[in-house]
Each structure stands twice: as C-alpha cells, then as structure tokens.
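Given next are the chains, with one letter for each unit.
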Amino acid sequence: MADIVDIAVSAGSFTTLVAAVQAAGLVEALKSPGPFTVFAPNDEAFAKLPPGTVQTLVQNPPQLARILKFHVISGKLTKADLEKLGSVTSLEGSPIPINCSDGFEVKNATVLAPDIEADNGIIHVIDTVILMG
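This report concerns the structure included in the present document. (Residues numbered from 1 in each chain as written. Predicted model: local features only at pLDDT ≥ 70, side-chain atom pairs only at ≥ 80, totals over all residues. Heavy atoms only, no water.)

Next up on the list: the overall build of the chain. Looking only at helices and strands, the chain has seven helices and seven strands in total. Traced from its N-terminal end to its C-terminal end, the chain shows the element sequence α-α-α-β-α-α-α-β-α-β-β-β-β-β. Dimensions of the chain along its principal axes, counting C-alpha atoms only, are 40 × 30 × 25 Å. Sorting the 133 residues of the chain into buried and exposed places 44% on the buried side. Total accessible area on the chain is roughly 6,500 Å²; 56% of this is exposed by carbon and sulfur atoms. For the chain, the centre of its 8 positive side-chain charges and the centre of its 14 negative side-chain charges are spaced 6 Å apart. (Helix = DSSP H or I, 4+ residues; strand = E, 2+ residues; numbered from the N terminus. Buried < 20%, exposed > 50% of the residue type's maximum accessible area, 1.4 Å probe, protein only. Areas by Shrake-Rupley, 256 points an atom, 1.4 Å probe, with all protein chains shown as cover. Lys, Arg positive; Asp, Glu negative; His and termini not counted. Charge placed at Lys NZ, Arg CZ, Asp CG, Glu CD.)

The full count for this structure, using the stated rule, is five salt bridges. Between K31 and D3 there is a salt bridge; the shortest N-O distance is 2.9 Å. You can see K31 sitting in helix α3 (residues 27-31) and its partner D3 sitting in the segment before α1 (4-11), a full 28 residues away along the chain. With a shortest N-O distance of 3.8 Å, K48 and D127 are connected by a salt bridge. Residue K48 is located in the loop between α4 (43-47) and α5 (53-58), and its partner D127 is located in the segment after β7 (121-126); the two are separated by 79 residues in the primary sequence. Owing to a relative accessible area of 53%, K48 belongs among the exposed residues under this scheme. (Salt bridge = Lys/Arg side-chain N within 4 Å of Asp/Glu carboxyl O.)

Taken in spatial order, the seven strands line up as β2-β1-β7-β6-β5-β4-β3 in an open sheet, and their pairing is mixed. Pairing within the sheet leaves two strands with one partner each, and these edge strands are β2 (72-74) and β3 (87-89). With two bridges connecting them, strand β5 (residues 105-106) and strand β6 (residues 109-118) associate as antiparallel partners. Its bridge partner being in β6, V106 is matched across the sheet by A109. (Pairing = 2+ DSSP bridges.)

With that settled, the discussion passes to the packing of helix α2 (residues 15-23) against helix α6 (residues 61-69). For the pair α2 and α6, interaxial distance at closest approach is 9 Å and the crossing angle is 125 degrees. Judged by the angle between their axes, α2 and α6 are oblique. Crossing hand, α2 versus α6: left-handed. Together, L17, A20, V21 and A23 of α2 and P61, L64 and L68 of α6 make up the contact between the two elements. Partitioning the contact of α2 with α6 into residue classes produces seven nonpolar, no polar and no charged. (Axes fitted to C-alpha atoms, helices over the stretch in contact; angles between N-to-C directions. Parallel < 35°, antiparallel > 145°, perpendicular 65-115°, else oblique. Left-handed = near helix turned anticlockwise from the far one by under 90°. Contact = heavy atoms within 4.5 Å. Nonpolar A, V, L, I, M, F, W, Y, C, P; charged D, E, K, R; others polar.)

Here we come to the side chain of D127. Taking relative accessible area as the criterion, D127 reaches 18% and is therefore assigned buried. For D127, the side chain forms a polar contact with the main-chain nitrogen of T110, separated by 2.8 Å. A distance of 3.0 Å separates a polar atom in the side chain of D127 from a polar atom in the side chain of T128. With near-sequence residues (within four places) excluded, D127 lies in contact with N42, A45, K48, A109, T110 and L112. (Polar contact = N/O pair within 3.5 Å; in protein donor to acceptor, adjacent residues only side chain to side chain.)

Below, the structure written as structure tokens:
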C-alpha cells in the first residue's frame, strides 16, 4: 500500500499541499512508519487563502512546517475514532476540535473524503486550510 505522501502525489488534487510539505522539509517524516492521521487540504482549500499567502509561507519554512504539523496527529484515527474524541492534539501541539454532529468537521473545515487508508496512516481530505488559535 502507498504511504501518505505517495497517495497525495498520485491523487493530483494536492499539488499545493505536496509542494508545501516539500518546502517545509516534512516529506521524510510523512513517509516514516508513523502512523499518522492527516487532515489534508486539497488544492481548492489552498486557493481560498488570501493571494500571496502560500508563496509567503513557502519562503518561511519554519512557519510553514508549524502550520502543516497542525494538520497531522499521531496515530491512525478513522472518522469513527475521531467522533468519540471530540478533540485531538496536533503534532504542532494545539488542539483540533472535531464535530460530527452534522456531517464531519475538523475545526473550521468540512471533511470531503474521510478514511483514505495509507500504509502509514489515514487521510481525511478537508476543504479549508486550518490554523491554530
């Protein structure tokens, strides 16, 4: 089975996320055994950010890495697992609220495609880039 990075690359709808992960130097970490749960913003999610935001972040790898780590949690958690928790702690260290009362939401993002299995974890595709705070 493919790992999280390989799935994101082959999907074709995560070109901005893949470029950001590369710019932040997180490829090897996300190819490691993990397991990880990744809330993966698709290209449309990145397109919602103010113009120039992605370029600015790519030029600041530590800040970019911090934001990307906010989209990752340790462990392999399915939608059913997350429903029971209500909140999880990101690798960045901040809490991420989970709301499954009306659909499936992670902080201020809607999950478009939950439970995509990877060799080293699970991916939940989201429609918005989530930020700490």
